[in-house]
Every structure is written in structure tokens, then in C-alpha cells.
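Okay, here's what each chain looks like letter by letter:
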Amino acid sequence: QKDDSQRLLESFNSDEKEHTLTKSKPYTSKEEMVLEESESPLNSNVTAFALKAKVIYPINQKFRPLADGSSNPSLHENPKQAVLPNQVMETSTSGSLGSLSQGDKEDCSSSTTIHSTTSDDRFQARAFLKVTGFPEVLTCESFDVKLCLCSLILKDLMLLDTELRKEKHVMFMQVLKVYLTDFYHKKKITDDLFKKILLVQENDFEELQKQLDSRLQNTEMSGAHNSEYQTLEDLERKEREYSEHVIDNMEAFWKQTDKAQQAFLDQSKCSSAKATKIMMDLTKKMIAVESLLSESQDLQAMDIQERLFNWELMVKMIDSLKSYIPEECKCRLNIVSNILDHLTVKNNLSVRQKEELLTDLHKAFWEQLAHFSNECIQQSKDLILKRLECRAKKREEFKHRQKAEQGSLLSKTFHIEDVHDFLKAYHELLEKHRQAQWELEEEDDCESTEAVADLYKELYSKASHALVELVTKLFLRTLPVVTGLSVRECELLKEEWQENLVPQLEKWETPRQRRWKLFQEQLLQEKKLWMKEYALSAVMQKHLSEKQEKIIQGVISRLGCLSDESVNYILQKHRLLLCSVLTRLTLRRVGMTALARMRMSRKKSLLQELREQHTLQKGSSPCQDEDQWQLQKAVESHILEEEEKLEEETQQTHLEFHQQLVTEIQEALQFLQQHMEQVIGRTLLQHARREAGKKSSDDGQDFKERLVEAAVESVYGTSNNINRLVQNYYQQIGKITEGYEGKKLQQLKSLQAERGERNRLRKKQENELALKEKQTKGLLNISSTVHQRMVLQQKKVLAQFELQQQIRLESLKQKLLGLHHLETELENQLKEAEQDFVSELAALARVPMAVKKQPSKRSKPAAEKTNSKRKSFQSPESEDKDNSHENIQEPPGLTSGLCR
């Protein structure tokens, strides 16, 4: 007769805590014994099929298992834990490899694939526990662990961003305070003005922080239907909105810093050169601040990522302890079942009696284990709650001490030459505080894990002791009564049970070690993926830096009229803003990596379970028949197929986040462009004002006015003589302007001819290149993929565009240089004519020359001519309308006063 005892033991493999059997009868009637002994061949065949297919139907089991090993709750059972409205029921994944896949956890049914669009959407909306610290994760369900850990990583990244941003604000205010103090000591500003400027700037920065806090609080509250749980969809939305708010705050901060600098310089009434130098110094100091913060952020982001893997190791250790207890107890019970099987073969025990004994033993043991487990879980939660309260108190104490140390450093007086030392000292102090806080949390995490592990070790001890008592009662009290064996024989059976434990436990320990090794390999692969993301982030930063540097250099080269100091200031300002933007975007990329990991965690876990089960089964049964070999090959083929699908979906997920990051980069660079436009505009305005001041100081207007008055009152100058001088002067001006227009027209024609020749040569080269590409097109189509050809074509178009832009820019530069040369020559000739006229008029009126004659070959920048009062002449060339307006200056008030 076929023995069904193995089925009874295998029924407890799914979820021991929920396998509570109904109370069986203390004895069996004769009619039932007869039915048991006369089992039909049909039932035996069904039993054999069920054993081969590993589909288990234990006696009186309340949870009827499905084909894949998972179980559906009975309609008469109340779930132990309420399910949230947006939370999906989760089932066990301990099915056999015969089904090839565990299917979707949420669907409570077997499936041939772990990929489902509907399941993905449900996973996005699946609520998981909102944790505030790592110890809370130790009491979470296994499904939520990775999500909870990654959410803690995002929280740490956000906290790091907040701390570094506040540090930057404090540093700027301290640097500004140093410069204000220096001006105050030099008596350039009053005490009231000094306090007023500081108070206004502090209030403005506090208002910025309040606005950011208000927006972040609104983001946190939106979509929060349950304060204890959150969904991945809500988390992604909050991260996206947080990034937008931080970018807006960064933009407002830099605008406020510019406003603060300008207000300080305006009220101190320092010279333009001094103001430029101060703004340059402040910019350099803030660049040093950004460099310190960026380096600190990169190092701490890597520490946070390393902390994630340490957390996973600790959680895996606790999970291993949790699973160790029921698995070892199952092994012990299996040995008891084997001994009872031996008694059944000897006819000392009937099959029905054996199953009743096993049922009573299992029922009693699992009830005690469930009771001990509930106590252990509650003790763990209470322990974690106490440790979190203690951690909060320690954190508050740390904050008070750290705030006092920071206040002591900030209260010291620093001079301008000591600013760099202050920045370094303040940053090192905050780094020391962060490191202390970090070590405190890590130590507390380890202690919490050890404390929870001790509770589960105590649970193991209780469970082992309870099982030993139940087995002792079975062998020494129940078996002598049921089988008629002597007490000594039953004691020998108990000793046999104890002797068989050691080899069975050693055999059972091997797959446990193999599972741990597989977990470590998986963790190593995850680390490699994170390092790859860091490398890609560094490449992104370098690419953006080079591209933006090239853009700003191009803009400055087009301006061409600024001084070296102004150009240097623009470049430094651009570098500062770009560094700030890249620092923020780098942290955003790390957060997106964590979000992508969360989104793919479910499918990775299912695939890892498939790999693990297949590896364990392959290692446990090296000698296989044809059917098992075919099954193993099918499983391997299925795993490879699922790996390919997972890789494709992972790439698609990363592409989606990358596109989102590109959008945010474009928005941040738009802010950078707008801010730099304002900086360049202010620099050009200051440059124009300086040049206008130089021009007005060289005009000699006072002498001209005195010369007009002296000539009018002079008895030597008659009306005819003066009119003749004026007419000669105007005729000379006319000849000069006619010569200028002729030379300009000739030069423009020459430039146009050169440009046409260059275009002709360029088109000829492009045609030759196109012919060569056409000849190699067939080979390119064969050897290259569509993506590679698109990339090559894109590079080609961009290279042609940049070449055309460069040619056009060079042409404009040559045109501008030629016109500038002509304008300089025109200006010198006009000045010579004016000087000759003034000399002749002074000689006629007998007025001594009061000014020194200016050099005739003096060159001035073209920007000077935009502020002088000249007549306008326009070239007939329609192509150069914007460059043909020239102002011809006559002596202001000189000829008009003489012609009265």
C-alpha cells in the first residue's frame, strides 16, 4: 500500500504560521480503519500522480494549495492583516520548478511569465510601509524590504541635499559679512548701513527658505491618503516635484546673491574698478564653496549607496534566522515521520494511526511556534520603537552640541585674507558633525539588528525545546500505548531520532549556504550596476561642462569689446552657476537610479527565486533521468528568456528616467542661460559707462567754449574770415567722409568676393566627401546597424553646422575688423581736421592754445564712437545696413557759436 506520510510533511512548506490544522479525533472507528486499509487502486494512482507533480493535499488543511505551490485562503478564514485599498494580496512563492515560473504574486495563480503590463501598473500602485529608519525595516514583510530600503536611501539623499544647501547659504552670508566688516572698518559705510544691509539679506534668505519649505510640505501632503503607507507612484512624483522646487530655489538664491552684491556696492559708493574686483573675489570664493560641497556630495552619495548594501546584508541575516527555525523543525519532524513509517512497515502502527499521531504532533507544535513567533514579533516591534526613541534623543543632543560649535566658529571675526581658511574650517566642522551622526546611526543599526537576531535565537531555542518535549511525549507516553512496545524500545526510538538529526541537519545546511552565496553574488552585481551609473554620471558632467564652456566662449568671442577683467568675471560667474547646476543634477541622477531599482525590484526578485530554485535542485540531484533532464533544460531556457525580457525592460526603465533627467537638465540650463544673459548685459552696461566717462573727460569742452567766446568778442576776427574758416572745415569733412564711404564700399565688395570663394571651395569639398560616402554606402549598410548610421549622420550634420557657423563667425570678424580699422582712420582724420580748425581759429582770434594737441594716430575701441555726437551717413549697400551708420562729429557749439 502506498504511504502518504510524506505529503503531510510537505504540506507545511508553504507558510508554517498559517498551517493550523483542525482538531482531529482522538481515535478512529473500525469502519474508517477498514476504508483506510482497502484503499482503491484509483486513489493510489491519484496519490502517485500528486506526489510526482508535487501537488499536496494534506489532511484537514484550511489553505488548499494550488498547482504552483501557493495557497488560497479559505472563504471561512479571516485574514490576519487587513489589506489596504491600493494594496494587492501577496502569496507564497515556494512553488516547484515544474511550473517554470512563480507567476505574479498579486494574482494568486500560476503563470508562465513574470512580466505583465497590468501587474506592473498594480505594482506601481501597491502600498508599502513608510519607514523613518532602518530598524523599522527589520519587522517589514519580505515583499516591502527592498522598497523600504530604497525609500530610506532617497530620504538620506534629500537630507544630504538640504544640509549642503543650508551650508552654502551660511557660507555666502559669512563671506558677505567679511567684506561688509572690512568696508565698515575703513569708514566707507556707517554702522547703521552695515547692520541694515546684513539684516535685509538675512531676511531675504530666510524668506527663500520658508518658500521652499512650504512648497515641499505641500508636495509631501499631496496624494497622502494614508500617513503610514506610500506607493512607488507617489514617491516618484514627490521626487520629481522636489527636484523642480530645489531648482527654482537655486535660481532664486543666485538672483538674491547678485542683488545683495549690487546693493552692497551701490551703497558703499566704491569705484567701478573696485566693485568689479570685489564681485570677482566673491565669485571665486563661492566657486571654492561649490567645489567643496560637490566633492562632499559625491563621497557621501557613495557612502549612502554602500549603506544600502550593508542594510540588505543585515536584513538577509534576519530573514535567514526567520526561515531557519521552521525549516530545521520541519527536518526534525521529517525524522519522526521516518521512524513512524518504519513502525508502520513492521505493522506496529497502522497508516491511519500514524497520520493521526503526526497530525496531533504538527498541530501542537505549530500552534506553539505560532504563539512564540507572535510574541517574538511583538517584542521586536517594541524593541525597535524604544531604540528609535533613544536614537531621536541622541540626535537632538547631537544637534544642540553641533549648533553650539558652529555658533562659536561663526562668531569669530575673519579678515578678507582669511576667508578661504574660514570656509575650509567651517566645512570641515560640518563634515565632522555629519560623520559623527553617520557613525551613530550605523552603530545603532547594527545594535538593533543584533538585538532582533537575539530575539529570534531565543525563539529558536523555545521552538527546539517545545519540539523536544512533544517528541519525548510521543515516544515515551503515546507510542507505548498505541503500539504496545515497551518503554525501553520507545526510548531507543527516541535515541535513534536524536542520532539521525546530525547528518540530516548537515545535509540540510548545504542548500542554505548555497542560497547565501547566490545572494552575495546578486549583491555584487548590484554594486557593479551602481558603479556604472556613477561612471555615466561623471561622463554626463564632463560633457555638459565642455559644451557649456564652448557656448560661453563663443558668446564672448562675438562680443569682442570687453576688457580682460570683464571677460574673466563672466567666465567665473558662468563656472559658478554651472557647478551649482551640475551638483544638483548629479544628486538627482543618483535618486533616479534608486527609483529605477525600486521599479524593477519585484521582477528581479522573482527571477532570482527562479535561478535559486533551479540551482539548488540542480545541485541536489546530479543523477537525473531523461524526464528530469528535459525539465531542467526547459527551466534553463525559460530563465534565459526571462533574463532577456528583464534586461530589455530595465533598459526601457532607465531610458524613461534618462529622458526625464534630460528634460530637467534643459530646464536648469535655461535658467543658467537667462542668468548669464543678465550678467553679460550688466557687464556691457558698465563697460559702456566707463568708456563714456573716458570720452567725456577727453573732449576739452571747456576750452572750446572759451575759444568761441573769445572769437566772438575778438576785434581781429571778421565775419568773412570766420565764415571762410567754417566753409573750409566743412569741405574738408566732406572729402574725408567721401573717402571713407569709398573705402568701405570697396572693402565690403572685397570681403563678399572672398566669402563667395570660400563657399565655392567648401561646396566642392562637400561634394567630394559625399561622393566618397556614396561609394562606401553599401559596405556601411552591411556592417553598421541602423542606430550607428543614425549617430554617424547626426555627427556629420552637427559638424557641418558648426563649420558653417565658424565660417560665418570668421567672416563677420573680418568684416568688423576692417570696418573698425576704417572707423579709426576716419576718427583720426576728423580729429586732425578739427584740431587744424581750432588752431586756425585761435590764431585768428589771438587766443593762446590751452590744450595739448592730441596724437593724430590714436586708436580707440569702436564702442567709444557710440556715445559721441556725430552726423549720420548711410552706405548704399543694403546688405550692411547695421554696420554702415557712422557719426561724423563737428566741434560741439564751436561752429554754431561762431556763425551767429
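Only a predicted model underlies this, so the values are computations on that prediction, with no experimental measurement involved. (Residues numbered from 1 in each chain as written. Predicted model: local features only at pLDDT ≥ 70, side-chain atom pairs only at ≥ 80, totals over all residues. Heavy atoms only, no water.)

### Here we look at the overall build of the chain
Okay, step 1: Each helix and strand in the chain was counted, giving 19 helices and six strands.
Okay, step 2: By the burial criterion, 43% of the 900 residues in the chain qualify as buried.
Okay, step 3: Long-range contacts, defined as pairs at least 24 residues apart, comprise 81% of the intrachain contacts of the chain with a sequence gap of at least 6.
Okay, step 4: Carbon and sulfur atoms form 53% of the exposed surface of the chain, whose accessible area is close to 49,300 Å². (Helix = DSSP H or I, 4+ residues; strand = E, 2+ residues; numbered from the N terminus. Buried < 20%, exposed > 50% of the residue type's maximum accessible area, 1.4 Å probe, protein only. Contact = heavy atoms within 4.5 Å. Areas by Shrake-Rupley, 256 points an atom, 1.4 Å probe, with all protein chains shown as cover.)

### Here's the deal with the pattern of salt bridges
Okay, step 1: In this structure the tally under the stated criterion is 46 salt bridges.
Okay, step 2: With a shortest N-O distance of 3.6 Å, Arg584 and Asp161 are connected by a salt bridge. Linking Arg584 in helix H13 (residues 564-620) with Asp161 in helix H6 (residues 145-185), this pair joins segments that are 423 residues apart in sequence.
Okay, step 3: Where Glu636 meets Lys633, a salt bridge forms, and the shortest distance between an N and an O atom there is 3.9 Å. Taken as a pair, Glu636 and Lys633 lie in helix H14 (residues 626-697) at a separation of three residues, close to a single helical turn.
Okay, step 4: Residues participating in the shared-partner salt-bridge network are Lys146, Glu312, Glu526, Arg597 and Lys604. (Salt bridge = Lys/Arg side-chain N within 4 Å of Asp/Glu carboxyl O.)

### Observations concerning a nonpolar patch on the surface
Okay, step 1: On the surface, Leu313, Met317 and Trp516 cluster together into a nonpolar patch covering about 230 Å² of accessible area.
Okay, step 2: Looking at where Met317 falls in the secondary structure, it is placed in helix H9 (residues 272-345).
Okay, step 3: Overall, the relative accessible area of 34% leaves Met317 in the partly exposed class. (Patch = residues over 30% accessible without salt bridge, like charges linked within 9 Å, V, L, I, M, F, W, Y side chains within 5 Å.)

### Here we look at the side chain of Ser448
Okay, step 1: Relative to the helices and strands, Ser448 resides in helix H11 (residues 419-483).
Okay, step 2: The class of Ser448 is buried, set by a relative accessible area of 0%.
Okay, step 3: Polar contacts involving the side chain of Ser448 include one to the side chain of Arg387, which spans 3.0 Å.
Okay, step 4: Contact partners of Ser448, with chain neighbours within four places excluded, come to Pro135, Leu138, Ile384 and Arg387. (Polar contact = N/O pair within 3.5 Å; in protein donor to acceptor, adjacent residues only side chain to side chain.)

### With respect to the packing of H9 against H11
Okay, step 1: It is the contact of H9 with H11, at a shortest axis distance of 12 Å, that shows an interaxial angle of 5 degrees. In terms of orientation, H9 lies roughly parallel with respect to H11. (Axes fitted to C-alpha atoms, helices over the stretch in contact; angles between N-to-C directions. Parallel < 35°, antiparallel > 145°, perpendicular 65-115°, else oblique.)

### Details of the environment of Asn500
Okay, step 1: Residue placement: Asn500 occurs in helix H12 (residues 487-559).
Okay, step 2: A relative accessible area of 30% means that Asn500 is categorised as partly exposed.
Okay, step 3: A sequence separation of 165 residues divides Asn500 from Ile335, and the C-alpha atoms of the two residues are 7.1 Å apart.

### Things to note about the packing of aromatic side chains
Aromatic ring pairs are described here by two measures, namely the spacing of the ring centres and the angle between the planes.
Okay, step 1: Counted by the stated rule, this structure contains 11 aromatic pairs.
Okay, step 2: On the numbers, 6.1 Å between centres and 40 degrees between planes, the contact of Tyr729 with Tyr730 is tilted.
Okay, step 3: Owing to a relative accessible area of 2%, Tyr729 belongs among the buried residues under this scheme.
Okay, step 4: Among the aromatic side chains, those forming a connected cluster through ring pairs are Phe172, Phe205, Phe253 and Trp254. (Phe/Tyr/Trp six-rings, centres within 6.5 Å; stacked < 30°, edge-to-face > 60°.)

### Brief notes about the nonpolar core
Okay, step 1: Ranked by size, the top nonpolar core spans 142 residues in total, and within it Phe134, Val137, Phe365 and Met598 carry the most contacts.
Okay, step 2: It is H9 that provides the largest number of residues to this core, a total of 25 residues.
Okay, step 3: Those residues in contact with Phe365 that lie beyond four places of it in its chain are Cys329, Leu333, Ala463, Leu467 and Leu470.
Okay, step 4: Of all hydrophobic cores here, the second largest spans 21 residues; its members include Leu707, Val726, Ile733 and Val838. (Core = buried A, V, L, I, M, F, W, Y, C linked by side-chain atoms within 4.5 Å.)

### Focus: the confidence of the model for the chain
Okay, step 1: Taken over all residues, the pLDDT of the chain has a mean of 75, while the share at 70 or more is 76%.
Okay, step 2: Looking at the elements of the chain, mean pLDDT is at its lowest for strand S5 (residues 870-873), recorded as 32, and at its highest for helix H5 (residues 134-137), recorded as 90.
Okay, step 3: Segment residues 1-113: pLDDT under 50, and 199 contacts once partners within four positions in sequence are set aside and those in other chains are kept.
Okay, step 4: With pLDDT under 50 throughout, residues 851-900 is counted as low confidence; its partners more than four residues away or in other chains account for 106 contacts. (pLDDT = per-residue confidence, 0-100.)

### Let's talk about unusual backbone geometry
Okay, step 1: Unlike most non-glycine residues, Asn347 shows phi in positive territory, near 65 degrees.
Okay, step 2: Checked against the element boundaries, Asn347 lands in the loop between H9 and helix H10 (351-410).
Okay, step 3: Note on Asn347: relative accessible area 69%, which makes it exposed.

### Quick look at the environment of Glu766
Okay, step 1: Among the structural elements, Glu766 can be located in helix H16 (residues 719-775).
Okay, step 2: The class of Glu766 is partly exposed, set by a relative accessible area of 27%.

### Side note on the side chain of Lys603
Okay, step 1: Position of Lys603 among the secondary structure elements: in helix H13.
Okay, step 2: A polar contact is formed between the side chain of Lys603 and the side chain of Glu649, at a distance of 2.4 Å.

### As for the packing of helix H7 (residues 191-221) against helix H8 (residues 232-268)
In a packed pair of helices, the relevant descriptors are the angle between the two axes and the axis-to-axis distance.
Okay, step 1: Where H7 meets H8, the closest approach of the two axes is 10 Å, and the angle between their N-to-C directions is 170 degrees. By the angle between their axes, H7 is roughly antiparallel relative to H8.
Okay, step 2: Taken together, the residues of the contact of H7 with H8 break down into 12 nonpolar, seven polar and seven charged. (Nonpolar A, V, L, I, M, F, W, Y, C, P; charged D, E, K, R; others polar.)

### Some thoughts on H7
Okay, step 1: The first and last C-alpha atoms of H7 sit 45 Å apart over 31 residues, in line with the 45 Å expected at 1.5 Å per residue.
Okay, step 2: On its buried side, H7 packs onto H6 and H8. (Expected span 1.5 Å × (residues − 1).)

### Points about the environment of Leu544
Okay, step 1: Looking at the secondary structure, you find Leu544 in helix H12.
Okay, step 2: Note: C-alpha distance between Leu544 and Ile665 (121 residues apart in sequence) is 9.5 Å.
Okay, step 3: In this structure Leu544 touches Leu582, Ile665 and Leu669, once residues within four positions along its chain are discounted.

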